[in-house]
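Chain residues, written in single-letter form:
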Amino acid sequence: MPAFYAANAALFAAQSCVRVVSLAHLHETAATMQRFGRFLRLFDGKPDALPPIKPIFTFDGSSTAFSASVHTDREWGGRSRATFRVGNAGASGSGVCGVFEGFIDKSSSMVPNEAGVTGRHGFAMLQLRTHEDEVGCEEYDALALRASGDGRLYSVSLRNAVPLAPNIAYQGFLARERRGWRTYELPFTSFAATRGGRLLGQPRVLDVARFSSLSIAVADDLEGPFRLEIRGVEALREDDGLG
């Protein structure tokens, strides 16, 4: 799985010079449609009063309106380990935040899991869900993560509450950055459809009105420790002068 993530990241980078015009057009078209919809609501008795920022997950200790689960290759006979907790970050001095950390072990294991599966290794993922069935972000333009990384590559995957096809996740990446708090902005139109970590041949568009879960995974296919500190995840809305 991590090899697929790394390949996806490399493919996105290699294709960037070819796709820059089409992606820019896609972003502008989506933004234009959103601005037009907001403009129409000024005349239907429903003023556009949505806030520019919509909190989705908050990890400052004040909210428990989410569920978190951690998955590693141990579920397939591997040896990687990972944990997630909300609390004082400790030696980093970051205060209260969410801490996703562990160790990626790429050594193969011949010990089968409960289903008898062996051979999968080098995988750790954090899955987050709200207490709502779905989070409507159709009025927003981008996903923002306030986080402090460790120089490793992480993927961010979104899933629709009712997927258009089984096991489809929409994937983006957090840029490699050394430790230090920053806001990573990922336009919703930049998420690419994947299945099992592989890019799909046919384009599919994330239905941001039916967003149900968010997953963060170590995606650089490297062995060793990892640590990602997260203060929150939000949806951002561009200031178009109508809100």
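Residues numbered from 1 in each chain as written. Predicted model: local features only at pLDDT ≥ 70, side-chain atom pairs only at ≥ 80, totals over all residues. Heavy atoms only, no water.

A. Summary view of the overall build of the protein. Check the secondary structure of the protein and you find 1 helix and 13 strands. Start at the N end of the protein and walk to the C end: the helices and strands fall as α-β-β-β-β-β-β-β-β-β-β-β-β-β. Across the 243 residues of the protein, 41% fall into the buried class. For the protein, the share of sequence-separated contacts (at least 6 apart) that also reach a separation of at least 24 residues comes to 78%. (Helix = DSSP H or I, 4+ residues; strand = E, 2+ residues; numbered from the N terminus. Buried < 20%, exposed > 50% of the residue type's maximum accessible area, 1.4 Å probe, protein only. Contact = heavy atoms within 4.5 Å.)

B. Highlighting the side chain of D105. Within the fold, D105 resides in the loop between β4 (96-104) and β5 (124-130). Here D105 occupies a buried position and makes no salt bridge, while the nearest side chain of opposite charge, R79, is found at 5.4 Å. Of the polar contacts made by the side chain of D105, one reaches the side chain of S107; its length is 2.5 Å. (Lys, Arg positive; Asp, Glu negative; His and termini not counted. Salt bridge = Lys/Arg side-chain N within 4 Å of Asp/Glu carboxyl O. Polar contact = N/O pair within 3.5 Å; in protein donor to acceptor, adjacent residues only side chain to side chain.)

C. Region of interest: the packing of aromatic side chains. Inspection of every chain in the model, using the stated rule, returns 5 aromatic pairs. On the basis of an interplanar angle of 90 degrees and a centroid distance of 5.1 Å, the ring pair of F59 and F66 is categorised as edge-to-face. Of the two residues, F59 and F66, both sit in the buried class. Seen in terms of ring centroids, F59 and F84 are 5.6 Å apart; in terms of plane orientation they differ by 75 degrees. Their pairing is edge-to-face. Here F84 lies in strand β3 (residues 81-88) and F59 lies in the loop between β1 (53-58) and β2 (66-72), a separation of 25 residues in the sequence. In this structure F59 comes out as buried when scored by relative accessible area, which is 1%. (Phe/Tyr/Trp six-rings, centres within 6.5 Å; stacked < 30°, edge-to-face > 60°.)

D. Broad picture of unusual backbone geometry. Not every positive phi belongs to a glycine, and D221 is a case in point at roughly 60 degrees. By the element assignment, D221 lies in the loop between β12 (211-218) and β13 (224-236).

E. Focus on the nonpolar core. Ranked by internal contacts, the top residues of the largest apolar core, which has 39 residues, are L143, F188 and L214. Broken down by element, this core gets its largest block of residues, 5 residues, from β13. (Core = buried A, V, L, I, M, F, W, Y, C linked by side-chain atoms within 4.5 Å.)

F. Fine view of the pattern of salt bridges. Within the structure shown, the criterion is met by 6 salt bridges. Three or more residues joined by partner-sharing salt bridges are found here, namely E101, R179, R227 and E229.

G. Local environment of the pairing of β12. By the criterion of burial, β12 is predominantly enclosed, with 8 of the 8 residues buried. Sheet analysis places strand β7 (residues 154-160) next to β12, joined by 7 bridges and oriented antiparallel. Within β12, the position partnered with S157 by the bridge is S215. (Pairing = 2+ DSSP bridges.)

H. Structural view of a negative patch on the surface. On the surface, a cluster of negative charge is made up of E132, D133, E134, E138 and D207. Mapped onto the fold, E134 is located in the loop between β5 and β6 (142-148). Given a relative accessible area of 30%, E134 falls into the partly exposed group. (Patch = residues over 30% accessible without salt bridge, like charges linked within 9 Å, V, L, I, M, F, W, Y side chains within 5 Å. Areas by Shrake-Rupley, 256 points an atom, 1.4 Å probe, with all protein chains shown as cover. Charge placed at Lys NZ, Arg CZ, Asp CG, Glu CD.)

I. Spatial organisation of the sheet that holds β12. Read across the sheet, 7 strands follow the order β2-β5-β12-β7-β8-β10-β11 without closing on themselves; strand pairing throughout is antiparallel. Edge strands, defined here as strands with exactly one partner in the open sheet, are β2 and β11 (198-199). Inspection of the sheet shows strand β8 (residues 168-174) paired to strand β10 (residues 192-195) by 4 bridges, in the antiparallel sense. Within the sheet, the bridge partner assigned to A169 lies in β10 and is T194.

J. Main features of the confidence of the model for the protein. In the predicted model, the protein carries a mean pLDDT of 78, and the fraction of residues at 70 or more is 70%. Within the protein, no element has a lower average pLDDT than helix α1 (residues 2-41), which sits at 47, and none a higher one than β4, at 96. (pLDDT = per-residue confidence, 0-100.)

K. Structural detail: the pairing of β13. Among the 13 residues of β13, 10 are classified as buried, and the element is accordingly described as predominantly covered. Strand direction decides the pairing type here: β1 and β13, joined by 5 bridges, are antiparallel. For I53, the partnering residue across the bridge sits in β13 and is L236. As paired elements, β4 and β13 share 7 bridges and run antiparallel to each other. Directly across from F103, in β13, lies its bridge partner P225. Bridge count for β6 against β13 is 7 bridges, and the pairing is antiparallel.

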